[in-house]
Amino acid sequence: MSNSDAENGTGADKNVRQFTVGEDDDGIRLDRWFKRNLPQIGFATVSRWARTGQIRVDGKRAKPEDRLSEGQMLRVPPGGEQKERGPRQRRELTEEEIQEARDMVIRETKTAIVFNKPPGLATQGGSKTHKHIDGLLDAFVPAEGEYNAGVRPRLVHRLDKDTSGVLLVARTPGAAASYSKRFSGRSARKVYWALVVGIPEVSQGTIDAPLAKQPGSGGEKMHVDEEDGQPAKTRYRVVERAGNRTAWVELEPLTGRTHQLRVHMAAIGNPIVGDGKYGGQDAFLTGAISRKMHLHARRLIISEPGRGTTGDKNDKGKATGGGRLDVIADLPEHFAASMEALGFDENASNADPNLDLAPEKTKAEKKQVARQYAKKYRKERRGERKTRTAGTRGNTGGDPKSKKRKPLKRSGKPNGKPAGKRK
């Protein structure tokens, strides 16, 4: 987004604002543009401005649901700010916090920052949670004069507080939208490592058990609910076993429900080591095995956003993304120590996902698919019209009385059904 000088003129028009739609905002709805770039202006105001023609895109009236394109000129009238919704106040981070945040980074690209989140650190804040990954993202806001100056990175997925491993954060709103689609569309592949109590009866398979919030837990706990639960599937594979005491397993969530991996493993009688919430006291092993959670997001494979999503003018027309991001996170100290104590070799698993990541279609490919679908639809419709026309003409035959009979009107259905079935 770039703000041009105020329009020339007198009166109220001198305060009219003009913005050029940037690369990062290409394709988003008009109302989403306001939420992203002018959050102090509420949806009701945007709707009223659009209804009265005060918002113009390239000089034409626009609706809140209209999609914007890079380079378009957006005219915004003066005022409309909701003072009670001021800009988010950022907390000044200490040098120690900034260094802590940077020490967690394992990969950086133009569209993403990838962390190896330690166990015990929450992804987001809550009523009693003040230290979290989201609160440390201010350490990565570019300063004035730098690329994407002032743009704060955004979370696109989460890990439980006691779960460690790969956590991806998008650098810009446009990249966040693209990555979010990949996570919600299940094209991203995540593989977890876990130590579980006991040995699963079947060495590998898929757990298909719907999940819902457990009544009486305040929404803090999930359980298997075959009747009202949401679909949840997890692929698992036993990598190694330590007698009958514990097993090292790979877990791949094929859906993204809250606490899915923890509930599923407990449901088959093999709770994750250290997960007292779902495994009770049986989840804790004696000896040198830590009482901390042994669940780690080992690997993430995801396609990066394609062209023009970084917002960097220097990247215009270049391949700024579209490749495959493949990241592996080292085990936390307590997990690695438990693996060693149990005699497990980390090299026994590459954390390979069960399914290959389908290549992301380009905009041109998506348009081609849409054109082919539209062409097929029009062809089918033409065939239906010919059938209806032929049926209507056939009713006239050589019977003079048939000329007086009007075709029976049926919404969306062809005429000419046998007379005996008409009522």
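Residues numbered from 1 in each chain as written. Predicted model: local features only at pLDDT ≥ 70, side-chain atom pairs only at ≥ 80, totals over all residues. Heavy atoms only, no water.

S.K.: Pulling in residues and values, what's your account of the overall build of the protein chain?
M.R.: In terms of regular secondary structure, the protein chain is built from nine helices and 17 strands. Out of the 423 residues in the protein chain, the part that is buried amounts to 41%. Of all intrachain contacts in the protein chain linking residues separated by at least 6 positions in sequence, the fraction that spans at least 24 positions is 64%. (Helix = DSSP H or I, 4+ residues; strand = E, 2+ residues; numbered from the N terminus. Buried < 20%, exposed > 50% of the residue type's maximum accessible area, 1.4 Å probe, protein only. Contact = heavy atoms within 4.5 Å.)

S.K.: Tell me about helix α5 (residues 173–184), residues and numbers included.
M.R.: Across its 12 residues, α5 extends 16 Å between first and last C-alpha, which sits within 8% of the 16 Å expected from 1.5 Å per residue. If you check which residues of α5 are buried, you get Pro173, Gly174, Ala175, Ala176, Ser178, Tyr179, Arg182 and Phe183. Once α5 ends, the next one or two residues include Arg186, with phi positive near 65°. (Expected span 1.5 Å × (residues − 1).)

S.K.: Outline the nonpolar core, supporting the account with residue identities and numerical values.
M.R.: Of all hydrophobic cores here, the largest spans 32 residues; its most connected members are Phe115, Phe140, Leu251 and Leu295. Those elements giving two or more residues to this core turn out to be β7 (112–117), α4 (133–136), β9 (164–170), β10 (189–197), β14 (233–242), β15 (246–253), α6 (260–267) and β16 (295–303). Not counting residues up to four positions away in its chain, the partners in contact with Leu251 are Lys190, Val191, Tyr192, Ala194, Thr234, Arg235, Tyr236, Leu261, Met265 and Leu295. (Core = buried A, V, L, I, M, F, W, Y, C linked by side-chain atoms within 4.5 Å.)

S.K.: Just give me the short version of the pairing of strand β17 (residues 324–328), but keep the residues and values in it.
M.R.: Residues Leu325 and Val327 line the buried face of β17, whereas the alternating positions Arg324, Asp326 and Ile328 sit on a face that is not buried. Pairing analysis gives five bridges linking β16 to β17, with the strands arranged antiparallel. From the neighbouring strand, Ser303 faces β17, where its bridge partner is Arg324. (Pairing = 2+ DSSP bridges.)

S.K.: Help me get a handle on the side chain of His294, residues and values and all.
M.R.: Looking at the element boundaries, His294 is found in the loop between α7 (276–279) and β16. Once residues lying within four places of it in the same chain are set aside, the contact partners of His294 are Trp193, Ala194, Leu195, Ile272, Val273, Ile289, His334, Phe335 and Ser338.

S.K.: Tell me about the environment of Pro77, and name the residues and values.
M.R.: When you line up the elements, Pro77 lands in the loop between β5 (73–76) and α3 (95–103). Leaving out residues up to four positions away in the same chain, Pro77 has contacts with Arg17, Trp49, Gln54 and Ile55.

S.K.: Residues and numbers for a positive patch on the surface, please.
M.R.: A contiguous patch of positive charge on the surface is contributed by Lys375, Arg378, Lys379 and Arg382. Of note, Arg378 is situated in helix α9 (residues 363–396). With a relative accessible area of 47%, Arg378 lands in the partly exposed category. (Patch = residues over 30% accessible without salt bridge, like charges linked within 9 Å, V, L, I, M, F, W, Y side chains within 5 Å. Areas by Shrake-Rupley, 256 points an atom, 1.4 Å probe, with all protein chains shown as cover. Salt bridge = Lys/Arg side-chain N within 4 Å of Asp/Glu carboxyl O. Lys, Arg positive; Asp, Glu negative; His and termini not counted. Charge placed at Lys NZ, Arg CZ, Asp CG, Glu CD.)

S.K.: Can you lay out the pairing of β15 for me, pointing to particular residues and giving the numbers?
M.R.: Walk down a regular strand and you will see the side chains alternate between the two sheet faces. Here β15 lies mainly inside the structure; eight of its eight residues are buried. The alternating pattern of β15 places Thr246, Trp248, Glu250 and Glu252 on one face and Ala247, Val249, Leu251 and Pro253 on the opposite face, and all of these are buried. Bridge analysis of β10 against β15 gives six bridges, and the strand direction is antiparallel. Following the sheet pairing, Tyr192 is matched in β15 by Leu251.

So yeah, pure geometry; function would need other evidence.
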